[in-house]
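# Architecture at a glance
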Amino acid sequence: MLGKTAGGLYWMFRFLERSENTARLVEAGFRIALTRSKDPASEWKSVVTTAGVRSSYDAKYDGYMAANVVDFLLRDTTNPSSVISAIEKARTNARMVRTALTTEVWEAVNESWMGLKEALKKPIRETELPAVLGEIRRHSALVRGAMQGTMLRNDIYDFTQIGTVLERADNTARIIDVKYYTLLPTASFVGSALDNVQWETILRSVSAHRSFRWLNSDEMTPAAVAEFLILDSRFPRSLSFCSRILEENLNYLAKDYGIRLPCHEMIDAQRDKLRQQTIDTIFDEGLHQFITAFIRDNNAIGQQIEQDYRFIG
Amino acid sequence: MPSERQYFDEMLLGSDNVRVPYAEYQKWFANEDPTRLSKKSKEAEAFFRRTGITFNVYGQAAAQERLIPFDLIPRIIANREWTKLSKGIEQRVQAINAFLHDIYHRQEILRAGVVPVELISRNEAFLPQMIGVTPPGSVYTHIVGTDIVRTGEDDFFVLEDNARTPSGVSYMLENRETMLQMFPELFSQIKVQPVSDYPKNLRRSLAACAPDNCTGKPTVAILTPGIHNSAYFEHSFLADQMGVELVEGHDLRVVDGHIAMRTTEGYKVIDVLYRRVDDDYLDPLNFKPESMLGVPGIMDVYRAGNITIANAPGTGIADDKALYSYMPEIVEFYTGEKAILKNVQTWRCSETDSLAYVLEHLAELVVKEVHGSGGYGMLVGPAASKKELTSFAAKLQKNPSNYIAQPTLSLSTVPIFAKKGLAPRHVDLRPFVLVSPKGISITPGGLTRVALKDGSLVVNSSQGGGTKDTWVLED
């Protein structure tokens, strides 16, 4: 496969994942601001921070009005992480790697692009927001379904998975990073109504509020939430899960191509580290330090993959 | 446009008769409900959008991707008509390849005085870098799209030879797929020659042109300028259909005297490169130094015989519009036979008498730039305003050798499916020809382009033309 094609597949799926994650952040923010929070502006502020677009947002707007944040995250083409920018880039990459995709996957991406361009053409009113967010979710489900159902499990598929889980791990880690202080066992508001809201926001941002309840019979403690997001290998957005899928797919590539590369050393090291940790050792080390290190390593692995598989000349 | 003029319609004879090739189709059409057809027509458009069969229009930033309108009435050609046409095309393509070999080697045709020397020596499309170079298998034009127009029952003319990088074949294939999906019953009632083998044939034909030193199965790739090119869809479509890599210049480099592409497992040698990049941009070391689209050093690899470039660099000289007027002589010179297909009468504005005639009759003529394509920079006299004529005349006088003129042809019409029923529109035809040392093969039919505006003679997709599925009937 061309190195450029591998890169195109990788970025296509990073951007698809990003558009979905951004939509999910908006959804969580919207819900919390609407139902729980006494201070919606600070909720929206942390949504903007989590999306990693704080400085470009602040350059454009004063304060954190819901309408501005939603507009910036969903349909602002000057924001490279907005849903519309991400889907545009995903589709551009898909056009570039058109020959590596099945017709079903290409059409699903192309239809997402057409559908979302239409849905995000005009500013979204509050009453329309749930429907628009639902549409974003449906489109990404369609792409994923077409992937699962039609693509050969070869190196093409591996690169799409690698892009997806690297982006997803980065997203989950950033969500934890922004709200890490609410997950500390020492947090002064433990047991208050406030912490529950914060934890629920976090879980909603990764669509895990229900699965968490099922697994933990509603015992919501910061340690349990942190453990779930970091170490629970059943949860498809946990750092551990993403890391495992990354390892798996890198191993498929190693087997296919008959060669192990520096990125394989790096993922092995990350896997070992995660396996040795419990939530207690993470808290001992410092949650913030742990997460910062994870984000850094995750990025480094991504860059190593780009180099090892010759995405660019 | 004067509508009182009578044109040859390929389907309709008067108000309720059709020409023989359309007899079966007409039986089907007469029983169709127009609202059902309208619905099908909309479905086709949605299908094209969904599958991304779009093209980019230069100079239109906002609407970057457009659809080429598809008309659901097929253009039908009888087997007998096609046999004659394809013979004529084959003869012409053979002559073009012989001509190209000759002018880059001994230049017999210039010595014989059949074609004037200046037309070659002063021509930008003539590549001195190709002198003495023989491409693998002596094939210059691996892929040709000969533009044919018709003016009467037996009057076919070649309008252009398109020996560089003819586009449109993906529309030929997708149009047929669309028709098969929309009207499967038609194809069981009427026996139409298939076109779907084209990608397979293209791959085989290209592989058969691999360099002599290529042992084993040749690696073929398509070189595209990238996703912003107007024909990008076609490049990726063909790569996909042929099962070959679609590469850009920055994917390639010279490795051990060969052209190789950067893969996830290292560099892999390419034997045959079907390039959809113009000569000028092919190699910044040998041509335009600022080009980012090509591969530095590819011409040296080519001259060393280590890669096949399709079409060969320098083939543009054969579809130069100034040389076009010599095609009947060129065909006769190399094949020893009279040209089967007619040329359109052409005035070379470089000649004083012709220039005078053209200036005098500008309002009746079509004037084209010698190196132009895509319908850009041309004047359709009968459709032009007084002001346009005056300003064009000035351009013409300033640089006469840049232009040729032709009579405004009474292009045949085929009806389109319009809101108010069938409406005749002018068409042309671009059959696609593959050349390899094993022979010449022509896909039955080709791409029919249709001017959708009433009276318009400009069929180019960049100028608002549409397309039709083209049927060559089985015997």
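For the structure, check the block above.
Residues numbered from 1 in each chain as written. Chains lettered and ligands numbered in written order. Predicted model: local features only at pLDDT ≥ 70, side-chain atom pairs only at ≥ 80, totals over all residues. Heavy atoms only, no water.

## Notes on the overall build of chain A
Here is the rule: Every helix listed is a DSSP run of H or I at least four residues long, and every strand listed is a run of E at least two residues long, numbered separately from the N terminus. Partly exposed residues are those whose accessible area sits between 20% and 50% of the maximum for their type, while under 20% is buried and over 50% is exposed, using a 1.4 Å probe and protein chains only. The contact definition used throughout considers only heavy atoms, calling two residues in contact when any of these lie within 4.5 Å. Note on areas: Shrake-Rupley, 1.4 Å probe, and residue coverage restricted to the protein chains presented here.
Helix and strand content of chain A: 15 helices and zero strands. For chain A, the C-alpha atoms occupy an extent of roughly 55 × 50 × 35 Å along the three principal directions. Within chain A, the fraction of its 313 residues that count as buried is 59%. In chain A, once contacts between residues fewer than 6 apart in sequence are set aside, the share between residues at least 24 apart is 67%. By element, 52% of the accessible surface of chain A is carried by carbon and sulfur atoms, the whole surface being about 13200 Å².

## Some words on helix H15 (residues 386-398) of chain B
Along an α-helix, residues three or four positions apart point the same way, because every turn accommodates 3.6 residues. All names here are of chain B. Counted only if it meets this: Expected span, for any helix, means 1.5 Å times one less than how many residues it has. It is the directions from the helix axis to the C-beta atoms whose arc is reported.
In this model H15 runs 19 Å from its N-terminal to its C-terminal C-alpha over 13 residues, within 8% of the 18 Å that 1.5 Å per residue would give. For H15, the complete set of buried residues consists of Leu389, Phe392, Ala393 and Leu396. Looking down the long axis of H15, one finds its buried residues gathered within 110° of arc, a one-sided arrangement. For H15, the exposed residues lying more than 90 degrees away from the buried face are Lys387, Thr390 and Lys398.

## Focus: the interface of chain A and chain B
To keep things clear, this is the line we draw: Buried area, as used here, totals the accessible surface that two parts lose on assembly, with accessibility defined by a 1.4 Å probe and the loss added over both. In the sections that follow, a salt bridge refers to a side-chain nitrogen of Lys or Arg positioned within 4 Å of a carboxyl oxygen of Asp or Glu. A 3.5 Å cut-off defines polar contacts: any pair of N or O atoms within that distance qualifies, except that in protein one atom must be a possible hydrogen donor and the other a possible acceptor, and neighbouring residues in sequence count only when both atoms are side-chain atoms. Note on residue categories: nonpolar means Ala, Val, Leu, Ile, Met, Phe, Trp, Tyr, Cys or Pro, charged means Asp, Glu, Lys or Arg, and polar means any other residue, Gly included.
Residue-level contacts link 26 residues of chain A with 24 residues of chain B. Taking both sides of the interface into account, the surface hidden between chain A and chain B amounts to around 2200 Å²; carbon and sulfur atoms contribute 49%. When the buried surface of chain A facing chain B is broken down by residue, Leu2, Arg95 and Thr99 of chain A rank first, second and third, together holding 31% of it. The interface formed by chain A and chain B holds two salt bridges in total. Notably, a salt bridge pairs Lys4 of chain A with Glu248 of chain B, separated by 3.4 Å at the nearest N-O pair. For the pair chain A and chain B, the interface holds 12 residue pairs in polar contact (both at pLDDT 80 or more). Contributions of two or more residues to the side of chain A that touches chain B are made by helix H1 (3-35), helix H5 (83-96) and helix H6 (103-119) of chain A. A total of six residues in the side of chain A that touches chain B trace back to one element, the largest contributor, which is H6 of chain A. Split by residue class, the side of chain A that touches chain B holds 12 nonpolar, six polar and eight charged.

## Here's the deal with the pattern of salt bridges
All chains considered together, the criterion is met by 51 salt bridges over all chains. Residue Arg106 of chain B is joined to Glu108 of chain B by a salt bridge in which the shortest nitrogen-to-oxygen separation is 2.8 Å. We note a salt bridge from Lys200 of chain B to Asp197 of chain B, for which the minimum N-O separation is 3.6 Å. In this structure Asp197 of chain B comes out as partly exposed when scored by relative accessible area, which is 39%. One continuous salt-bridge network, built from bridges that share partners, spans Glu17, Glu20, Arg24, Arg144, Arg168 and Arg237 of chain A.

## A few points about unusual backbone geometry
Residues and elements named next belong to chain B. In this structure, Asn311 follows Ala310 across a cis peptide bond, with omega equal to -10°. Among the secondary structure elements, Asn311 is positioned in the loop between strand S15 (308-310) and helix H12 (321-324). At Asp256, a residue that is not glycine, the phi angle is positive and equals roughly 50°. Looking at the secondary structure, you find Asp256 in the loop between strand S11 (252-255) and strand S12 (258-263).

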